Amino acid sequence: MGSSQRDIDVLLGKLAIAMETRVHGGVSMDVATGANNRSPLDRRSLWERLAAVSPADGTLPIDANADAELLHVTANNGLCRPSPHSQIRKEMEEELQSQLRQALDHGSLIRLSHGVPGPVTGRDAWAWTAVEASGGLFAVVYREAGESPSPSAVFAAGTGKRGFLSWEAVWQSGPPPNNAWPKPPLWETEGPQDVPTGRWLVSRLLPALLPIGESAYWLVSFPRCLAWAWFLLDRPSRPAQLTLEAESPTVIRWYHAITRSLERPGCAVEVEPGGWCLAAFNEASSAGEPCLAFGLWAPGVFNPNEGASAMLMICPDEDGVRIARPPDRSGFARHPDLDDYVESVLVAAVGIYWRKHDLPLGG
């Protein structure tokens, strides 16, 4: 009889602990809730930072940027470890940034180069690729086994709720119940979604790694190096895109809520119990394009007798989508999640709705 999915998940959680132990000599069972989120851009040595300081100064302005961290969470077992930027060599970071541009701009599959963490032998069998989605980075590491590469690990990086869809894709339901690792972390965050504040990295080992075992320990360090390279990658912001996030349970919930609301024009519906509420309306732009208008109520503020806390209109254009924000029609302050999270989810959900209804789109 084959192993159940839960058994496989438990084995992967134990493998993640073995790999972490090999790299760091042990693991911490403490639930981490944060990291030092200062900017890591100052690369000067401690001596260079102190050289211009007068002994008469009351305090020594030692640059705290040197110990900037991200919080690395392992989805297989819930373990957390802060990863300092100071552990990433400048040359490695620059090499990974060059490779990231190839992956992000051209969809390239990047071979594991010799200047980054990797196996002692057989490095040519490994490759990775990455995409940016909804403010986050989503990456997959492959190993050639047979006729096609086999996904061996996935990870995502972001800041706060920017990148939450990528977090969700890796985290899934979190680690399976097991007394060998701590409970999933509880984050201190303002919004309704349980994601860390500040910079985060979440990684998940996949079943293809089980035959390899802890010799793949380098997969502890590689995601951290790539995440730091991406955080400091100088790239212009891009317009919102109509992307089909079919694998995201969150986007699917919003899509179904839009559909239910449009079936009962003017009626507000809950996206999920106790969460966001929306009322969707079919509109038409001046050019006759399909547009959807939304009234949004943040969690805990819905009142059917009062106006929405925010109004949005989403229309396609040649760059992807256009989000119009009419003047606020109620006394509610805009919820802090709106720009960071909800708009990106709405764009993805609207894209699904339009495609399923065969509506012509721009871009």
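Located above this text is the structure these notes cover.
Here's a quick rundown of the structure. (Residues numbered from 1 in each chain as written. Predicted model: local features only at pLDDT ≥ 70, side-chain atom pairs only at ≥ 80, totals over all residues. Heavy atoms only, no water.)

### Observations concerning the packing of aromatic side chains
Our working rule: Aromatic contacts are taken between Phe, Tyr and Trp rings whose centres are within 6.5 Å, Trp giving its six-membered ring; a plane angle under 30 degrees counts as stacked, one over 60 as edge-to-face, and the others as tilted. Runs of H or I in DSSP of at least four residues are treated as helices and runs of E of at least two as strands, each being numbered from the N terminus. For every residue, the accessible area obtained with a 1.4 Å probe (protein chains only) is divided by the maximum for its type, and the residue is called buried under 20%, exposed over 50%, and partly exposed between those limits.
Taken as a whole, this structure holds 9 aromatic pairs when the rule is applied. Relative to F222, the ring of F155 has its centre 6.3 Å away and its plane inclined at 85 degrees; by these criteria the two rings are edge-to-face. With F155 in strand 6 (residues 148–159) and F222 in helix 5 (residues 221–231), the pair connects residues that are 67 residues apart, well separated along the chain. Judged by relative accessible area, F155 falls into the buried class, the value being 1%. Ring geometry for W167 versus W200: centroids 5.1 Å apart, planes at 85 degrees, classification edge-to-face. Here W167, found in helix 4 (residues 164–171), pairs with W200, found in strand 7 (residues 199–205); they are 33 residues apart in sequence, far enough to count as distant. By the burial criterion, W167 is buried, and W200 matches it.

### As for the pairing of strand 7
Across a regular strand the side chains alternate sides, sitting on one face of the sheet and then on the other. Stated precisely, the cut-off is as follows: One bridge is not enough; two strands pair if DSSP finds at least two bridges between them.
Of all 7 residues that make up strand 7, 7 are buried, and the element is covered over most of its length. The alternating pattern of strand 7 places R199, L201, S203 and L205 and W200, V202 and R204 on opposite faces, both of which are buried. Across 4 bridges, the pairing between strand 1 (residues 69–74) and strand 7 is parallel. Paired with L71 across the bridge in strand 7 is W200. Two strands pair when backbone bridges link them, and strand 6 and strand 7 are joined in this way by 7 bridges, in the antiparallel orientation. Residue A156 lies in a different strand from strand 7, and its bridge partner there is V202.

### With respect to the sheet that holds strand 7
In plain terms, the rule: It only takes one pair of heavy atoms within 4.5 Å for two residues to be counted as in contact. In this analysis, axes come from line fits to C-alpha atoms, helices being fitted only over the stretch in contact, and the angle between any two N-to-C directions falls in the range 0 to 180 degrees.
Ordered in space as 2-1-7-6-5-4-3, the 7 strands form an open sheet in which the pairing is mixed. At either end of the open sheet lies a strand with only one pairing partner, and these are strand 2 (80–84) and strand 3 (110–111). Each of strand 1, strand 2 and strand 7 touches helix 1 (residues 5–24); the most contacted strand, strand 7, lies at about 120 degrees to it.

### What to know about the side chain of D9
Definition in use: In this charge count, Lys and Arg are treated as positive and Asp and Glu as negative; neither His nor the chain ends contribute. By definition, a salt bridge exists where a carboxyl oxygen of Asp or Glu is found within 4 Å of a side-chain nitrogen of Lys or Arg.
Along the chain, D9 falls in helix 1. No salt bridge is formed by the buried D9; the nearest opposite charge belongs to R204, separated by 4.8 Å. Once you skip the residues sitting within four places of it in the chain, D9 turns out to touch N76, P176 and W181.

### Re the pattern of salt bridges
Here the structure, examined in full by the defined rule, presents 3 salt bridges. Close ionic contact of R81 with E20 constitutes a salt bridge, the shortest N to O distance being 2.5 Å. Of this pair, R81 sits in strand 2 while E20 sits in helix 1, and the two are 61 residues apart along the sequence. Overall, R81 belongs to the partly exposed group, its relative accessible area being 22%. Notably, a salt bridge pairs E144 with R111, separated by 2.7 Å at the nearest N-O pair. Placement of E144 in strand 5 (residues 136–145) and of R111 in strand 3 is noted, with a sequence separation of 33 residues between them. On the accessibility criterion, E144 (39% relative accessible area) is partly exposed. Through salt bridges with shared partners, a single network forms among E20, R81 and R224.

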